[in-house]
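Coordinate inspection notes
Residues per chain, in single letters:
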Amino acid sequence: MNSLPPSLAPWPAGEPPPDVLVVAGEASGDEHAARLIQGLRARRPNVRVAALGGPALKEAGAHLLYDLSAHAVVGLVEVLKNYGFFKELFSQTLAWIEKFQPRAVLLVDYPGFNLRLAKKLYETGRSRRAGGKVSVLYYIAPQIWAWKANRRFSMAKHLDALAVIFPFEPAYFGDTKLRADFVGHPFAMAGHHLPVSYDVNGPILLLPGSRTAPVSRIYPAMLAAFALYRRSRPTAHAVTLVSGPGVHRELERCLAACPDVAPHVTLQPISEGAAGRTVLTSSGTMSLSCALAGIPGAIVYRANPVTYLVGRSVVNVPYLGIANLLLGQSAWPEFIQGDAKPAALSHRLLECEAPAAHEQAAKDAAKLRALLGEPAAPPDAAPRWLEDKLFDHG
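Structure report, in brief. (Residues numbered from 1 in each chain as written. Predicted model: local features only at pLDDT ≥ 70, side-chain atom pairs only at ≥ 80, totals over all residues. Heavy atoms only, no water.)

1. Quick notes on the sheet that holds strand β6 (residues 161-164)
What counts is decided by this rule: In this scheme, strands are said to pair when DSSP sees at least two bridges between them. Helix and strand definitions follow DSSP, with helices as H or I runs of at least four residues and strands as E runs of at least two, each counted in order from the N terminus. To define axes, lines are fitted to C-alpha atoms, for helices over the stretch in contact only, and angles between the resulting N-to-C directions are given on a 0 to 180 degree scale. The contact rule is simple, with two residues in contact once any of their heavy atoms fall within 4.5 Å.
With respect to topology, seven strands assemble into an open sheet ordered β3-β2-β1-β4-β5-β6-β7, the strand pairing being parallel. In the strand order of this sheet, the two ends are held by β3 (63-67) and β7 (180-182), each with one partner. Direction aside, neighbouring strands of the sheet carry axes that sit 20 degrees apart on average. In the packing of helix α14 (residues 381-391) onto the sheet, contacts are made with β1 (20-24), β4 (104-108), β5 (135-139), β6 and β7, and the angle to β5 comes to roughly 170 degrees.

So, in structure tokens, the structure goes:
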């Protein structure tokens, strides 16, 4: 990552001010925001959208100021290493808002950056809640039901509106003055296609995530596990989905260090999707996609040791995987830090070959779909929510 970000792209000269600036800092947020903007454009074709996001938002018609999704980091150590970068980006974002005066700022997930931005817009009097002209909207709330529940009070103070994606989330804001509108989970929306699917005759899926630093720690363990697995399944092949050029380079570096197994692993763009018979996945959004697809497997995660120790001291959750958190059980076993040993992961891959493993994964997938989709939100709930918040002030 560069020590400092380049200047944000200006809004096109002569154009009216943007209706909304979207801030989506990760690949998954970029994709969710893009679907939301596509839905909004179907209702308001002439809406003017700027974005700190990624390629999906650009394809959806947003004027991309900076590809923030290519610079996602997670963890205390990683954030500290890039402190200067994010401090400058934060300052430039505030200056851009002040100069080009969007009607609203739509914050998508990415709470470490976005909640601070909401707070600063309030403290400087720019947000509507503070008497200013900019509506500060939040789509896909932080998981306060899992950890740091007190964030709901600062969110209620600093945000003008909030849209949540789990049907049980509005109740968690019931003791605040902030209304939380349930607009449906993006994965439960009509027409959404998961990037993965189950195929009993398919390859092994090795999915280490969309952030370069975690990939550098997780993927070698996955490759070592796959190498062990191939000792008993010598014809086995694996597929890894790639989310961007930075991750692609890191995956290729890892494969170059494993010449015996590299010829048996295919890298392909996430846009092409993949079908597999079992999976090793990181704990992020992809793990939920795999769970919803009913693919048996395991969650693998390795963080910087300092980040992990600090995180364990402040985050008290029984699981890392969102599917396991929602189900309240270890439906997809988690191999974290030192437990992510190749022998254990290879053994799990062999366990998942049993028909009972897929049958159980399919049952758990059905439970997850019910949790995400009941009560069902209308298919256009999220775009309609955004339209209302953008244009209800004239």
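2. Observations concerning the packing of helix α1 (residues 27-43) against α14
We count it as follows: We call two directions roughly parallel when the angle between them is under 35 degrees, roughly antiparallel when it is over 145, roughly perpendicular when it lies between 65 and 115, and oblique otherwise. Note: crossing handedness is left-handed where the near helix turns anticlockwise from the far helix by less than a right angle, and right-handed where it turns clockwise. Polar here means any residue other than Ala, Val, Leu, Ile, Met, Phe, Trp, Tyr, Cys and Pro, which are nonpolar, and Asp, Glu, Lys and Arg, which are charged; Gly is therefore polar.
Where α1 meets α14, the closest approach of the two axes is 8 Å, and the angle between their N-to-C directions is 65 degrees. By the angle between their axes, α1 is roughly perpendicular relative to α14. Two packed elements cross with a definite hand, and for α1 against α14 that hand is right-handed. From α1, Leu36, Ile37, Gly39, Leu40 and Arg43 reach across to α14, where they touch Ala382, Pro383, Arg384, Leu386, Glu387 and Leu390. Considered class by class, the residues forming the contact of α1 with α14 number seven nonpolar, one polar and three charged.

3. Points about the sheet that holds strand β10 (residues 238-242)
Taken together, six strands build an open sheet; the order of strands is β11-β10-β9-β13-β14-β15 and the sheet is parallel. The sheet is open, and its two borders are formed by β11 (265-269) and β15 (334-336), each paired with just one other strand. With direction set aside, neighbouring strand axes in the sheet form an average angle of 20 degrees. In the sheet, strand β13 (residues 278-281) pairs with strand β14 (residues 297-301) via three bridges, with the strands oriented parallel. When the bridges of β14 are listed, Val279 appears paired with Gly297. Helix α7 (residues 212-232) rests against β9 (204-207), β10, β11, β13 and β14 of the sheet, and its axis sits at about 160 degrees to β9. Packed on one face of the sheet, helix α8 (residues 245-256) meets β10 and β11 and runs near 175 degrees to β11.

4. Remarks on the pattern of salt bridges
We count it as follows: Put simply, a salt bridge is a Lys or Arg side-chain nitrogen that is within 4 Å of an Asp or Glu carboxyl oxygen. Think of it in three bands: with a 1.4 Å probe and only protein chains considered, a residue is buried below 20% of the maximum accessible area for its type, exposed above 50%, and partly exposed in between.
Inspection of every chain in the model, using the stated rule, returns 14 salt bridges. For Arg179, the salt bridge identified is with Asp181, shortest N-O distance 2.5 Å. On the basis of relative accessible area, Arg179 is assigned to the exposed category, the value being 65%. Between Arg348 and Glu351 there is a salt bridge, with its nearest N and O atoms 3.4 Å apart. With Arg348 and Glu351 both in helix α12 (residues 342-351) and three residues apart, the pair spans about one turn of that helix. The exposure class assigned to Arg348 is buried, which follows from its relative accessible area of 14%. Taking relative accessible area as the criterion, Glu351 reaches 38% and is therefore assigned partly exposed.

5. Considerations on helix α13 (residues 355-373)
For clarity, the cut-off: Helices are assigned an expected span. That span is 1.5 Å times one less than the residue count. What the arc measures is the spread of directions leading from the helix axis to the C-beta atoms.
In this model, α13 (19 residues) spans 27 Å end to end at C-alpha, consistent with the 27 Å of a helix rising 1.5 Å per residue. Among the residues of α13, those classed as buried are Ala357, Ala361, Asp364, Ala365, Leu368 and Leu372. Seen from one end, α13 has its buried residues packed into an arc of 115 degrees, which puts them on one side. Seen from the open side of α13, the exposed residues pointing more than 90 degrees away from its buried face are Pro355 and Lys363. Looking at the buried residues of α13, the elements they touch are β7, α9 (285-292), α11 (322-327) and α12.

6. What to know about unusual backbone geometry
Positive phi is not limited to glycine here, since Gln101 has a value of about 50 degrees. Looking at the element boundaries, Gln101 is found in the loop between α4 (83-100) and β4. If you check the backbone angles, Tyr110 has positive phi at about 50 degrees while not being a glycine. Of note, Tyr110 is situated in the loop between β4 and α5 (111-123).

7. Looking at the nonpolar core
Just so we agree on the cut-off: Take the buried Ala, Val, Leu, Ile, Met, Phe, Trp, Tyr and Cys residues and link them wherever side-chain atoms come within 4.5 Å; each set so joined is a nonpolar core.
Grouped together as the largest cluster of nonpolar side chains are 50 residues, with contacts concentrated most on Val22, Leu106 and Tyr139. In terms of residues, this core owes the most to one element, α14, which gives six residues. Among residues more than four places away in sequence, those in contact with Tyr139 are His32, Leu36, Leu106, Leu107, Val108, Asp109, Ala163, Ile165, Val183, Pro186, Ala382 and Trp385. Formed by 38 residues, the second largest nonpolar core is a distinct cluster that contains Leu68, Phe85, Val134 and Ala141.

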